[in-house]
Amino acid sequence: MTSTRSTGDIERAKRVAGERYLGAPVELSLGMDVSEFRPGLVLLHLPDPGDDLASGMVAPVGLSVLADCAGGVALSAYQLIGVSGPTVEFRVDYTGVSPRGAVRAESSVTDEVGGTGRAAVTILDSTDAVIARAQGYYVLVSDPPEAAEDPGTVPRPGVVEVLRAAVRAATDPTMVPVPVVRALANPRMQVHGGVLLAIGHLAQREVQLVDVDRAGALTPMSMRVDYLRPVPVDGGELSCRTDYVRRGRGFHTLRTSLVRADGKVATVVTGLWAVAR
C-alpha cells in the first residue's frame, strides 16, 4: 500500500509537472491534460489530434508533441520531482491508423541508461486503436525544478498554425524557414522537442510531394530525432534543410537538419516513408 508520505510526494510532483508542462505555450495551445500520474504510469490526453493537411492518416504536430511530452512527464513521475531533463534522442513508429476522436498517450520509464531515463510511450485513439509507439531518452535530474514561466494567455496563432503557415509559405520545400516564436516554446522557453520533430515530419512530406502526386500516397513509418543543441525562443529563425538519403520505388528515407540562426545544427530528424504508386 502506498504510504502517506509517498502519496504526498506523488501529488506534489503531479502539481509541479502540471504547472510546468501543461502550462507551457505549446501544450496550452493544444489543450493537453494529465489524468493519471504515478511512477509506473502517466496518462496524457489530447482532445483534438487534427489532421496532416491532406491525408488524415496522422497528425504530426499534435502527436509529436503528445509523445515527447508524455515521455518527459513519465520521467518527472518516475523521479517524483515534477520535472525531467532535456530529451536526448526520440523515435516514433507509426501504425498507419487514422486517429478517431481524442487521443491519449500512456507512458512509463523502463530503464536508466547512461544518466538518462528511457521512456516508452503508446498513443491510442478514442476507439483504443494504437496510433503510434515511441521511445525516448531523457536526462535524469536531481535539482529541484525551476519555477515555470507564467504562460498568460494561449498563444495566437498557436503552434499548429505557425508550423503550417511556415511550410505553406516556403518557396523551396528543401529549405523551410520557421520563426522561433513563443507559440513553439517548452517550459524552458526553448523550442519544444515535439515541435522540432513535427517540423521535420512536415518538411519531409512537402519535399516528397514534388515527385508524389498526392499526400495520401505517403505513409510515415518512423521518425527518429537526435537533439544536439537547444533552440532558444528569441524571435529569430530556424532553417529547415531536407535531403533524400534513399529514394527507392516503394520507400524513401529523408534527413532534415534544423539549423539555428548562428549556423549550428540543433536537431536532426530522419524519417522512413512508404510510397504507394
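Residues numbered from 1 in each chain as written. Predicted model: local features only at pLDDT ≥ 70, side-chain atom pairs only at ≥ 80, totals over all residues. Heavy atoms only, no water.

Bringing the pattern of salt bridges into the picture now. Scanning the entire structure with this criterion turns up eleven salt bridges. Here R104 makes a salt bridge to E106, at a shortest N to O gap of 3.4 Å. A relative accessible area of 17% means that R104 is categorised as buried. D211 is the salt-bridge partner of R247, the closest N and O atoms lying 2.2 Å from each other. Taken together, the residues R247 in strand 9 (residues 237-247) and D211 in the loop between helix 5 (193-208) and strand 8 (218-227) connect sequence positions 36 residues apart. With relative accessibility at 52%, the residue R247 sits in the exposed group. On the accessibility criterion, D211 (40% relative accessible area) is partly exposed. In the salt-bridge network here, residues are joined through shared partners; they are E89, R224 and D226. (Salt bridge = Lys/Arg side-chain N within 4 Å of Asp/Glu carboxyl O. Buried < 20%, exposed > 50% of the residue type's maximum accessible area, 1.4 Å probe, protein only. Helix = DSSP H or I, 4+ residues; strand = E, 2+ residues; numbered from the N terminus.)

A few words on the packing of helix 3 (residues 60-79) against helix 5. Following both chains from N to C, one finds helix 3 and helix 5 inclined at 145°, their axes separated by 8 Å at the closest point. Taken as a pair, helix 3 and helix 5 cross one another with a handedness that is right-handed. Residues P60, V61, S64, V65 and D68 of helix 3 form the contact with helix 5, whose own contacting residues are G193, G194, V195, L197, A198, H201 and L202. Taken together, the residues of the contact of helix 3 with helix 5 sort by class into seven nonpolar, four polar and one charged. (Axes fitted to C-alpha atoms, helices over the stretch in contact; angles between N-to-C directions. Left-handed = near helix turned anticlockwise from the far one by under 90°. Contact = heavy atoms within 4.5 Å. Nonpolar A, V, L, I, M, F, W, Y, C, P; charged D, E, K, R; others polar.)

This part is about the confidence of the model for the protein. On average, residues of the protein carry a pLDDT of 88, and 91% of them reach 70 or more. Long-range and interchain partners of residues 1-5, a stretch whose pLDDT sits below 50, account for one contact in this model, where long-range means more than four residues apart. (pLDDT = per-residue confidence, 0-100.)

With that settled, the discussion passes to the pairing of strand 9. Pairing between strand 7 (residues 175-179) and strand 9: five bridges, direction antiparallel. Counted as the bridge partner of V176 is C240 from strand 9. Taken together, the eight bridges between strand 9 and strand 10 (residues 251-259) define a ladder with antiparallel strand orientation. Paired with R241 across the strands is S257, a residue of strand 10. Where strand 9 hands over to strand 10, the hairpin turn is made up of three residues, counted between the paired strands. (Pairing = 2+ DSSP bridges.)

In this structure, strand 3 (residues 87-94) lies alongside strand 6 (residues 130-139), joined through seven bridges in antiparallel fashion. Opposite Y94, over in strand 6, you have A132 as the bridge partner. Relative to strand 6, strand 5 (residues 116-124) is paired through nine bridges, and the arrangement is antiparallel. Following the sheet pairing, A120 is matched in strand 6 by Q135. Counted between consecutive antiparallel strands, the loop separating strand 5 from strand 6 contains five residues, among which D128 sits at a positive phi close to 70°.

Throughout the structure, instances matching the rule amount to one aromatic pair. Ring centres 6.5 Å apart and planes at 75° place the aromatic pair F90 and Y138 in the edge-to-face group. Of the two residues, F90 sits in strand 3 while Y138 sits in strand 6, which places them 48 residues apart along the sequence. For Y138, a relative accessible area of 1% puts it in the buried group. A cation sits over an aromatic face here: R247 above Y244, 4.2 Å from the ring centre. (Phe/Tyr/Trp six-rings, centres within 6.5 Å; stacked < 30°, edge-to-face > 60°. Lys NZ or Arg CZ within 6 Å of the ring centre and 35° of its normal.)

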